[in-house]
Amino acid sequence: MSSARPRTYLVTGAASGIGEATAARLRAQGHTVLGSDLAGSDIDADLSTPEGRARLVDRARELSGGGLDAVIASAGRNLFDPQTIKVNYFGAVATLEGLRPLLAAGDDPRAVVISSVTAIHPHDPAIADAALAGDEPAATAAAEAALERGEGHTIYGSSKNALARWVRRTAATAEWAGAGIPLNAIAPGTVLTPMTEPMLAAPGVREIVDSVIPMPLHGHAAAGQVAPLLDFLSSPENTHVTGQIVFIDGGADATLRGEGAW
């Protein structure tokens, strides 16, 4: 899904998983990719902190020369910990909002972020609503309260629920659609990455995961099977897809929600 002219991309979470696979695909097509991760990347930045988010934007501006053609916000965590809401929601939103001026200076700008099929699972409204209100301390406190109740498993899905809703709320605004910048999210099912493989190897866990994320079409995905969708959504060929949560989940959403989702 290569565009004719080499483009400049910024990919967060580029050191592993979906981000790494997507960055490799884009580089193989001749594009310039600025990768960001915690360490060992073009831009080392901890997106759980305001300082790390500011560093990402500042370094992206320096390294890109002031313009980006696409941003793919792939960085994420799946921990029973408030860090998950900090990275998955606040880090992702800060990435997209902070880099929007650089996209506005690029050619055929595009932005995509990684949500999850867990966005449609039951979630903690206190976490998701605080995130959407932009209240990081309240969202963090709600995540801590969930942990204390023994409901730490809800933090990840709540972060992805809030992120999907933010995309729906934001994509059609003057700052994005009005500026010619499609903004979308993808919602993967279970993807085999360094984050998920150790979990899936634990006794009994794979069966539990498959019961809550059923994937009748080909089962679990490899990161490289997700990258082509991100490639298209962030390419000039995507002229009209915006504000969408595109499920790439082997049929999990259709299985869980059926036709009632419409």
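The structure displayed is predicted, hence computed values, not measured ones.

Asker: Help me understand the overall build of the chain, please; the structure alone is not making it clear to me.
Answerer: The number of helices and strands found in the chain is 10 helices and 9 strands. Relative to its length of 262 residues, the chain is compact, with a C-alpha radius of gyration of 17 Å against a globular reference of 18 Å. The principal-axis extent of the C-alpha atoms belonging to the chain is close to 45 × 40 × 40 Å. The buried share of the chain, reckoned over its 262 residues, is 51%. Considering only intrachain contacts with a sequence separation of at least 6, the fraction spanning at least 24 residues in the chain is 76%.

Asker: So what exactly am I meant to see when it comes to the sheet that holds strand β4 (residues 70-73) here?
Answerer: Strand-to-strand pairing in sheets goes through backbone hydrogen bonds, with the strands running parallel or antiparallel. Strands sit in the order β3-β2-β1-β4-β5-β6-β9 across an open sheet of 7 strands; the sheet is parallel. Each edge of the open sheet carries a strand with a single partner, namely β3 (43-44) and β9 (245-248). Examined bridge by bridge, strand β1 (residues 8-12) and β4 share 4 bridges and lie parallel to one another. Looking at the pairing, threonine 12 lines up with alanine 73 of β4.

Asker: Can you walk me through helix α5 (residues 136-148) in this structure?
Answerer: An α-helical segment advances 3.6 residues per turn. Residues three or four places apart therefore align on the same side. Between its terminal C-alpha atoms α5 stretches 18 Å, which fits the 18 Å expected from 13 residues at 1.5 Å a residue. Buried within α5 we find Glu136, Ala139, Thr140, Ala142, Ala143 and Ala146. Buried residues along α5 cover an arc of 160 degrees about the axis, so they all sit on one side. α5 presents Pro137 and Glu148 as exposed residues on the side facing more than 90 degrees away from its buried surface. Of the surrounding elements, those touching the buried residues of α5 are α2 (50-64), α3 (83-104), α4 (125-132) and α6 (154-170). Capping the start of α5 is the job of one residue whose side-chain oxygen sits 3.0 Å from the backbone nitrogen of alanine 138: aspartate 135.

Asker: Got a minute to help me understand the packing of aromatic side chains in this structure?
Answerer: Aromatic ring pairs are described here by two measures, namely the spacing of the ring centres and the angle between the planes. Inspection of every chain in the model, using the stated rule, returns 1 aromatic pair. Pairing tyrosine 89 with phenylalanine 90 gives two aromatic rings, centres 5.0 Å apart and planes at 85 degrees, and the pair type is edge-to-face. Each member of the pair, tyrosine 89 as well as phenylalanine 90, is classed as buried.

Asker: Would you take a moment to explain the side chain of threonine 84 for this structure?
Answerer: For threonine 84, the position within the fold is in helix α3. The class for threonine 84 is buried, based on a relative accessible area of 0%. Those residues in contact with threonine 84 that lie beyond four places of it in its chain are Arg77, Asn78, Leu79, Tyr89, Ile155, Tyr156 and Ser159.

Asker: I tried to follow the side chain of aspartate 253 on my own but got confused; where do I start?
Answerer: Within the secondary structure, aspartate 253 sits in helix α10 (residues 252-257). Looking at aspartate 253, its side chain comes within polar contact range of the side chain of arginine 257, at 2.7 Å. In this structure, aspartate 253 is in contact with Val117, Ile120, Phe247 and Gly258, ignoring residues within four places of it in sequence.

Asker: Just checking my understanding: could you explain the nonpolar core for this structure?
Answerer: One recurring pattern in soluble globular proteins: nonpolar side chains tend to sit buried together. Core analysis: the biggest nonpolar cluster contains 45 residues, and Leu10, Tyr89 and Leu96 have the highest contact counts within it. Residue assignment for this core shows that the elements contributing at least two residues are α2, β4, α3, β5 (110-114), α4, α5, α6 and β6 (183-188). The leading source of residues in this core is α3, at 9 residues. Excluding anything up to four places from it in sequence, leucine 96 contacts Val71, Ala73, Ala111, Val113, Trp166, Trp176 and Leu183. Counting residues in each nonpolar core, the second largest holds 21 residues, with Leu26, Ala70, Val191 and Ala221 among its members.

Asker: Help me understand helix α1 (residues 17-28) in this model?
Answerer: If you check α1, its first and last C-alpha atoms are 17 Å apart, about what 12 residues at 1.5 Å a residue would give, namely 16 Å. Those residues of α1 lying buried are Gly17, Ile18, Gly19, Ala21, Thr22, Ala23 and Leu26. With its phi angle positive at about 95 degrees, glycine 30 sits one or two positions after the end of α1.

Asker: Whenever I open this one, the environment of arginine 169 confuses me. Can you help?
Answerer: Following the sequence through the fold, arginine 169 ends up in helix α6. For the pair arginine 169 and leucine 132, spaced 37 residues apart in sequence, the C-alpha separation works out to 9.7 Å. There is a polar contact of 3.1 Å between the side chain of arginine 169 and the backbone oxygen of leucine 132.

Asker: Honestly, the packing of α3 against α4 in this entry has me stumped. Any pointers?
Answerer: For any two helices packed against each other, the geometry is given by the interaxial angle and the distance between the axes. The interhelical angle for the contact between α3 and α4, taken along N-to-C directions, is 40 degrees, at an axis separation of 11 Å. Judged by the inter-axis angle, α3 sits oblique to α4. The element α3 and its partner α4 pack so that their crossing is right-handed. Here α3 contributes Ile85, Tyr89 and Phe90 to the contact with α4, which in turn contributes Ile127, Ala130, Ala131 and Leu132. Residues belonging to the contact of α3 with α4 are distributed by class as follows: 7 nonpolar, no polar and no charged.

The rules we used
- Residues numbered from 1 in each chain as written.
- Predicted model: local features only at pLDDT ≥ 70, side-chain atom pairs only at ≥ 80, totals over all residues.
- Heavy atoms only, no water.
- Helix = DSSP H or I, 4+ residues; strand = E, 2+ residues; numbered from the N terminus.
- Rg over C-alpha atoms; globule rule 2.2 N^0.38 Å.
- Buried < 20%, exposed > 50% of the residue type's maximum accessible area, 1.4 Å probe, protein only.
- Contact = heavy atoms within 4.5 Å.
- Pairing = 2+ DSSP bridges.
- Expected span 1.5 Å × (residues − 1).
- Arc of directions from axis to C-beta.
- Polar contact = N/O pair within 3.5 Å; in protein donor to acceptor, adjacent residues only side chain to side chain.
- Phe/Tyr/Trp six-rings, centres within 6.5 Å; stacked < 30°, edge-to-face > 60°.
- Core = buried A, V, L, I, M, F, W, Y, C linked by side-chain atoms within 4.5 Å.
- Axes fitted to C-alpha atoms, helices over the stretch in contact; angles between N-to-C directions.
- Parallel < 35°, antiparallel > 145°, perpendicular 65-115°, else oblique.
- Left-handed = near helix turned anticlockwise from the far one by under 90°.
- Nonpolar A, V, L, I, M, F, W, Y, C, P; charged D, E, K, R; others polar.

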